[in-house]
Amino acid sequence: MGPLVSIGLPVKDGLLNGSKNNINLSKSLNALLNQTYQNLEIIISNNCSKDGTESYLEKIIKTDKRIKFFNQKKELSWAENFKFVLDNSTGKYFRWNAADDLISQDYIEHNVKFLENNKDYISSSSKFYYEDNPNKVNSFNLDNNLYLRIKDFFYNRHISHNILYSLIRREIINETVDLSKDYWAVDWIFDLDLLLKGKFKTLNEGFVIYGTKGLSK
């Protein structure tokens, strides 16, 4: 069995994206529960949803012991909820997964294998596209020297979701900016903080689909 991987899923009204062609909490969570890599903990924080998310999750948690479910009584900011799932995780690797995003069933398996074999990379992800534009597949690497990593980040900054939502070494996250401070472009600052500490890779194996009507966008 490989190292424990933590997946943090902060959610608010995760079932509203109900069109059959759009990703919602049900599709996103199903993809996590059916990963080929089994040594997972999935930390879900329901942020005062009003759309049936709570009752849906109350049923799902009874079917899989890997889920750790928290039901917030007082609404948090999106950034505080992201920090909450991180703080309640224990794995060697960590990944945020928005409720309107979907990863392939082999995503965790391939990315754990890569990071275990490449210690100089602080995080990795898989090629990705946005749900409203499936024909445009994105992929970029930030694995040169520090100057080029930072320079190339700004070239790719508008599609930099794949860094924030990558599989990250937990000890590295603990050294980065506190996302819960929630100032403008804090996600970019977080990405840059990671890149100061090491390299980022996009794998050809696996894929990610990012939603365009929810938190990721």
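These numbers come from a predicted model, not from an experiment.

Enquirer: Any chance you could explain helix α4 (residues 107-117) here in plain terms?
Expert: It helps to recall that an α-helix has 3.6 residues per turn; residues three or four apart then point in one direction. Listed in full, the buried residues belonging to α4 are Tyr-107, Ile-108, Asn-111, Val-112, Phe-114 and Leu-115. An end-on view of α4 places all buried positions within 165 degrees of arc, on one side of the element. Away from its buried face, by an angle of more than 90 degrees, α4 presents the exposed residues Lys-113 and Asn-117.

Enquirer: Help me understand the pattern of salt bridges, please; the structure alone is not making it clear to me.
Expert: Close approach of charged atoms allows side chains of opposite charge to pair. For the structure shown, the criterion picks out 7 salt bridges. Here Asp-64 ties to Arg-66 by a salt bridge, and the two come within 2.9 Å at their closest N and O atoms. Across this residue pair, the class does not change: Asp-64 and Arg-66 are buried.

Enquirer: Mind showing me how you'd approach the side chain of Thr-202 here?
Expert: Looking at the secondary structure, you find Thr-202 in strand β9 (residues 199-210). The buried category is assigned to Thr-202, whose relative accessible area is 4%. One polar contact links the side chain of Thr-202 to the main-chain carbonyl oxygen of Phe-140, over a distance of 2.5 Å. Every residue in contact with Thr-202, bar those within four places of it in the chain, is listed here: Ser-125, Ser-126, Lys-127, Ser-139, Phe-140, Asn-141 and Asn-162.

Enquirer: Help me out: how do you make sense of the pairing of strand β6 (residues 121-130) in this one?
Expert: Working note: regular strand, side chains alternate between the two faces of the sheet. Of all 10 residues in β6, 9 are buried; the element is thus mostly enclosed. Direction of pairing for β6 relative to β9: parallel, over a ladder of 8 bridges. When the bridges of β9 are listed, Tyr-129 appears paired with Ile-209. Examined bridge by bridge, β6 and strand β8 (residues 167-169) share 2 bridges and lie antiparallel to one another. Each bridged residue has a counterpart across the sheet, and for Ser-124 the counterpart in β8 is Leu-167. Pairing of β6 with strand β7 (residues 133-138) involves 2 bridges; the strand directions are antiparallel. Counterpart to Tyr-130 in the pairing with β7 is Asn-133. In sequence, β6 turns back onto β7 through a hairpin of 2 residues.

Criteria and thresholds
- Residues numbered from 1 in each chain as written.
- Predicted model: local features only at pLDDT ≥ 70, side-chain atom pairs only at ≥ 80, totals over all residues.
- Heavy atoms only, no water.
- Buried < 20%, exposed > 50% of the residue type's maximum accessible area, 1.4 Å probe, protein only.
- Helix = DSSP H or I, 4+ residues; strand = E, 2+ residues; numbered from the N terminus.
- Arc of directions from axis to C-beta.
- Salt bridge = Lys/Arg side-chain N within 4 Å of Asp/Glu carboxyl O.
- Polar contact = N/O pair within 3.5 Å; in protein donor to acceptor, adjacent residues only side chain to side chain.
- Contact = heavy atoms within 4.5 Å.
- Pairing = 2+ DSSP bridges.

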